[in-house]
Amino acid sequence: MQYATFEVADQLFGVEVGAVQEVLAFSEYTAVPLAPAAVAGLFNLRGQVIAAVDLRVRLGLPAQVLEGPVMNVIMRADTEPVSLLVDRIGDVIELDDEIEPLPDTITGPRRDLVLGTLKLEDRLMLALDVAKATEPDSRI
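Residues numbered from 1 in each chain as written. Predicted model: local features only at pLDDT ≥ 70, side-chain atom pairs only at ≥ 80, totals over all residues. Heavy atoms only, no water.

Chemist: How do you make sense of the overall build of the protein chain when you look at a structure like this?
Modeler: Helix and strand counts for the protein chain come out as three helices and ten strands. Helices and strands in the protein chain line up, N terminus first, as β-β-β-β-β-α-β-β-β-α-β-β-α. Here the C-alpha radius of gyration of the protein chain, 14 Å, is about what a compact globule of 140 residues would show, namely 14 Å. Taking the principal axes of its C-alpha atoms as reference, the protein chain extends roughly 40 × 30 × 30 Å. For the protein chain, the proportion of its 140 residues judged to be buried stands at 41%. Within the protein chain, residue pairs in contact and separated by at least 24 positions form 57% of the contacts whose partners lie at least 6 positions apart. For the protein chain, the exposed area adds up to about 7700 Å²; of that, 49% sits on carbon and sulfur atoms. (Helix = DSSP H or I, 4+ residues; strand = E, 2+ residues; numbered from the N terminus. Rg over C-alpha atoms; globule rule 2.2 N^0.38 Å. Buried < 20%, exposed > 50% of the residue type's maximum accessible area, 1.4 Å probe, protein only. Contact = heavy atoms within 4.5 Å. Areas by Shrake-Rupley, 256 points an atom, 1.4 Å probe, with all protein chains shown as cover.)

Chemist: What exactly am I supposed to notice about the environment of Leu34 here?
Modeler: With respect to the helices, strands and loops of the structure, Leu34 is situated in the loop between strand 3 (20-26) and strand 4 (39-45). C-alpha separation for the pair Leu34 and Gln64, spaced 30 residues apart in sequence, amounts to 18 Å.

Chemist: Just to check I follow, could you spell out the packing of aromatic side chains for this structure?
Modeler: Describing an aromatic ring pair means giving the distance of the ring centres and the angle of the ring planes. Taken as a whole and assessed by the stated rule, the structure comprises four aromatic pairs. Their ring planes at 15° and their centres at 6.2 Å tell us that Phe6 and Phe13 sit as a pair that is stacked. Both residues of the pair, Phe6 and Phe13, count as buried. Centre to centre, the rings of Phe26 and Tyr29 are 5.7 Å apart; their planes meet at 75°, and the pair counts as edge-to-face. (Phe/Tyr/Trp six-rings, centres within 6.5 Å; stacked < 30°, edge-to-face > 60°.)

Chemist: Any chance you could explain the nonpolar core here in plain terms?
Modeler: For soluble globular proteins, the rule of thumb is that nonpolar side chains tend to be buried together. Of all hydrophobic cores here, the largest spans 25 residues; its most connected members are Phe6, Phe13, Val15, Leu55, Met75, Leu84 and Leu128. Excluding residues that lie within four positions of it along the chain, Val15 makes contacts with Gln2, Tyr3, Ala4, Phe6, Val20, Met75, Leu128 and Val130. Membership of the second largest hydrophobic core comes to ten residues, among which are Leu24, Phe26, Ile50 and Ile74. (Core = buried A, V, L, I, M, F, W, Y, C linked by side-chain atoms within 4.5 Å.)

Chemist: Honestly, unusual backbone geometry in this entry has me stumped. Any pointers?
Modeler: Most peptide bonds are trans, and most residues other than glycine sit at a negative phi. One non-glycine residue, Leu34, lies in positive phi territory at about 65°. Positive phi is not limited to glycine here, since Arg46 has a value of about 50°. By the element assignment, Arg46 lies in the loop between strand 4 and strand 5 (48-54).

Chemist: Just checking my understanding: could you explain the pairing of strand 10 (residues 124-128) for this structure?
Modeler: Put simply, side chains in a regular strand alternate between the two faces of the sheet. Burial of strand 10 is extensive: four of the five residues sit out of reach of the surface. Relative to strand 10, strand 2 (residues 11-16) is paired through three bridges, and the arrangement is parallel. Bridge pairing in strand 10 places Gly14 opposite Ala127. Across five bridges, strand 9 (residues 114-119) lies against strand 10 in antiparallel orientation. Looking at strand 10, one finds that Lys119 is bridged to Leu124. (Pairing = 2+ DSSP bridges.)

Chemist: Help me understand the sheet that holds strand 4 in this model?
Modeler: Hydrogen bonds between backbone atoms are what pair the strands of a sheet, whose relative direction is either parallel or antiparallel. Taking strand neighbours across the sheet as the criterion, the five strands line up as 3-6-7-5-4 in an open arrangement whose pairing is mixed. Only two strands of the sheet have a single neighbouring strand rather than two, namely strand 3 and strand 4. Adjacent strand axes in the sheet meet at a mean angle of 30° when their direction is disregarded. (Axes fitted to C-alpha atoms, helices over the stretch in contact; angles between N-to-C directions.)

Structure follows, in structure tokens:
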């Protein structure tokens with residue numbers, strides 16, 4: 001299985017490559033009044049309006065500062081593409097291992113957004129649940 005990886009607050013996350021439409025840096029977002037806190041804004045990508053969901057907020061962390069280019073992972077959500085704002089983009093990696101259940105030490109909002117863990121040579125990767133992570137509702 002191939003995973004596209006990225007980091008948020010020094011934690012490595014991965015999603016199946018097939019769920020990713022593209023990765024890009026973008027710097028002009030339009031605020032959305034009365035939107036949930038996780039919605040950082042909207043942007044125009046080649047004529048298509050994309051909602052940017054701040055993964056930091058979804059994980060219970062402080063919102064990302066939208067000054068200058070911000071890294072976006074455009075995900076293929078159920079009906080339309082949604083962008084996840086992340087701190088850093090990683091590599092595409094191939095793993096044969098099965099996703100393992102989350103350890104009890106992972107608590108809070110991230111537990112609800114993660115399918116499980118995958119062990120890499122030098123660190124642990126959290127397999128992100130794309131459907132839950134791209135939901136703008138920040139009640140988690």
